[in-house]
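Tertiary structure, described
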Amino acid sequence: MIRIQNWGRPRIYIAVILLLVVIIIGVLGFRYFSDYSWVDALYMTVITMTTVGFEEVQPLDDQGKLFTVFLISTSVVIFAYAVSVITEYIVSKNDPKRVQLRKIQKMIHKLENHIIIIGYGRNGKQAAAKLLAYNKPFIIVENNIEIIERYQNEKTLFLKGNATEDEVLIEAGIKNADCLICTLPEDADNLFIVLTARQINKELKIISRASQDASYKKIRLAGADNVIMPDRIGGDHMASLVVVPDLIEFLDNLSIVGKKSINIEEISFEDMFDNGEERTILDIDMRSKTGCTIIGYKSPEGEYIVNPEANTLLKPKSKIVVLGRPEQIDLLNKQFNI
């Protein structure tokens, strides 16, 4: 999203105010120096400012002529400035590109509990694709205008700017955001952005990329909740394909690559129950209702339980992880309005 400068309206206001000031001065001057009526004074002021060349309502004396010279010399410049500003404003308002940008800007301003992705490189694109599959609202902060023009659309919102600047993060809605994903290639930039973001929003969940082992602890200390090292994950994944190839291929098939291939989902306690009443896994009977199987449980304290028992008690602020075929996951999402 290219930021739209707000200079148009202030310049319009200045131009209109200057025009009104000149008109008032002209009317009062012709009224005082030439003893014109109010209507004649206004008429003389307008034809003088616009230089249309009509004759005077009545002959002017020397004072009236000197005042007219003064009015012409000042009003011509102001009138020309006002016309150019107003014309430029009208043209820009009707520019299809600007209209589209304003439309997208309004969409950005309405975002709440959204995700901010910093950078649209390889990792940024992967993060955006996964968020789209989950229908999560997000905005991408990118400084490369060519990338923005190539990928900008109503589903992928961009904000042009340097994310190391506080005002850019604020414009991206960091105060109302739920999460920030920092994917820049330089660890120093990621470190600075994480530090700034944590200062602006204490409750924000921050996930950052790191390229060097030495940067991992620094970015965590700066305030990141999770630090991901893509190179390490990639190497581990390739080695796993040698050691346990069938298992890794099976897990890869669970990955989210599109709406129709989602096999795994997490659901919070609040999404399932409105009244806050605690229930066991057996009570909700998810297997018979949706076909999905509960394979994990995260307690309110953050403890993970793999393959929880049927008598496991679901508590507020807890989450469950379910596994199923895409159509079963879709039925699950419809049931709980996720």
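Now for a description of the structure that goes with this document. Starting from 1, residues in each chain are numbered consecutively following that chain's sequence as written. Local features in a predicted model are, by the rule used here, given only for residues with pLDDT of at least 70; side-chain atom pairs are given and counted only at 80 or more, and totals for whole chains, interfaces and linings are based on all residues. In computing side-chain values, all of the structure's heavy atoms are included and hydrogens and water are not.

Together, V242, V243, V244, L247, F250 and L251 line one region of the surface with nonpolar side chains, adding up to about 580 Å² of accessible area. Helix and strand definitions here come from DSSP, where helices need a minimum of 4 consecutive H or I residues and strands a minimum of 2 consecutive E residues; each element is numbered from the N-terminal end. If you list the elements that add at least two residues to the nonpolar patch, you get α10 (230-243) and α11 (245-253). If you tally residues by element for the nonpolar patch, the top one is α11, at 3 residues. Tracing the backbone through its elements, the reader meets V243 in helix α10. Without a salt bridge and with relative accessible area above 30%, a residue can belong to a patch; like charges are then joined within 9 Å and nonpolar side chains (Val, Leu, Ile, Met, Phe, Trp, Tyr) within 5 Å. For the accessible areas, the method is Shrake-Rupley and the probe is 1.4 Å, while residue cover comes only from the protein chains on display. Each reported salt bridge corresponds to a side-chain nitrogen of Lys or Arg within 4 Å of a carboxyl oxygen of Asp or Glu.

A few words on the sheet that holds strand β5 (residues 205-209). Should DSSP find at least two bridges between two strands, the strands are taken to pair. Across the sheet, which stays open at both edges, the 6 strands sit in the order β3-β2-β1-β4-β5-β6 with parallel pairing between neighbours. Where the open sheet ends on each side, the last strands, each with one partner, are β3 (157-160) and β6 (226-228). Neighbour-to-neighbour, the strand axes of this sheet turn through a mean angle of 20°, independent of strand direction. Judged from the 4 bridges that link them, strand β4 (residues 179-182) and β5 form a sheet pairing that is parallel. Following the sheet pairing, C179 is matched in β5 by K205. Contacts from helix α5 (residues 122-133) reach β1 (115-118), β2 (138-142), β4 and β5 within the one sheet, and its direction differs from that of β1 by about 160°. It only takes one pair of heavy atoms within 4.5 Å for two residues to be counted as in contact. In this analysis, axes come from line fits to C-alpha atoms, helices being fitted only over the stretch in contact, and the angle between any two N-to-C directions falls in the range 0 to 180 degrees. Here helix α8 (residues 187-200) sits on the sheet and contacts β1, β4 and β5; the angle it forms with β5, its principal contact strand, is near 175°.

Moving on, we come to the packing of aromatic side chains. A pair of Phe, Tyr and Trp rings is counted when the ring centres sit within 6.5 Å of each other, with Trp represented by its six-membered ring. The angle between the planes then sorts it: under 30 degrees is stacked, over 60 is edge-to-face, the rest tilted. Evaluated as defined, the whole model comprises 8 aromatic pairs. An aromatic cluster is built from F30, Y32, F33, Y36, F67 and F70, whose rings are joined through pairwise contacts.

Of all 5 residues in β2, 5 are buried, a share of seventy percent or more. Pairing geometry for β1 and β2, over 4 bridges, is parallel. Paired with I116 across the two strands is I139, which belongs to β2. Pairing analysis gives 4 bridges linking β2 to β3, with the strands arranged parallel. Bridge pairing links V141 to L159 in β3. If you view a crossover with the strands going away from you and the path from the first strand over the helix to the second runs clockwise, you call it right-handed. Crossover handedness for the path β2 to helix α6 (residues 145-151) to β3: right-handed. Partly exposed residues are those whose accessible area sits between 20% and 50% of the maximum for their type, while under 20% is buried and over 50% is exposed, using a 1.4 Å probe and protein chains only.

Here we come to the packing of α8 against helix α9 (residues 213-222). Closest axis-to-axis distance for the α8/α9 pair is 8 Å, and the angle between their directions is 15°. By the angle between their axes, α8 is roughly parallel relative to α9. Handedness of the crossing formed by α8 with α9: right-handed. Along the contact surface, α8 presents D187, N190, L191, V194, L195 and R198, while α9 presents S215, K218, I219 and A222. Classification used: nonpolar for Ala, Val, Leu, Ile, Met, Phe, Trp, Tyr, Cys and Pro, charged for Asp, Glu, Lys and Arg, polar for all others including Gly. Split into classes, the residues belonging to the contact of α8 with α9 amount to 5 nonpolar, 2 polar and 3 charged. Angle categories: roughly parallel below 35 degrees, roughly antiparallel above 145, roughly perpendicular from 65 to 115, and oblique for all the rest. Each crossing gets its handedness from the near helix: less than a right angle anticlockwise from the far helix is left-handed, clockwise is right-handed.

If you look at the biggest cluster of nonpolar residues, it comprises 28 residues, and the most contacted ones within it are I116, I118, I139, V141 and L180. Of all the secondary-structure elements, those providing two or more residues to this core are β1, β2, β3, α7 (166-171), β4, α8 and α9. Top contributing element to this core by residue count: α8, with 3 residues. Here the nonpolar core consists of buried residues drawn from Ala, Val, Leu, Ile, Met, Phe, Trp, Tyr and Cys, with membership extended through side-chain atoms lying within 4.5 Å.

The next point concerns the sheet that holds strand β10 (residues 304-306). Across the sheet, 4 strands lie side by side as β7-β12-β9-β10; this open sheet has antiparallel pairing. Edge positions in the sheet fall to β7 (264-268) and β10, since each of these pairs with one other strand and no more. Each strand of the sheet is rotated relative to its neighbour by a mean of 25°, with strand direction disregarded. By the bridge criterion, 5 bridges tie strand β9 (residues 293-298) to strand β12 (residues 319-323) in an arrangement that is antiparallel. Opposite G296, over in β12, you have V321 as the bridge partner. The sheet contacts of helix α15 (residues 326-336) involve β7 and β12, and relative to β7 the element is tilted by about 15°.

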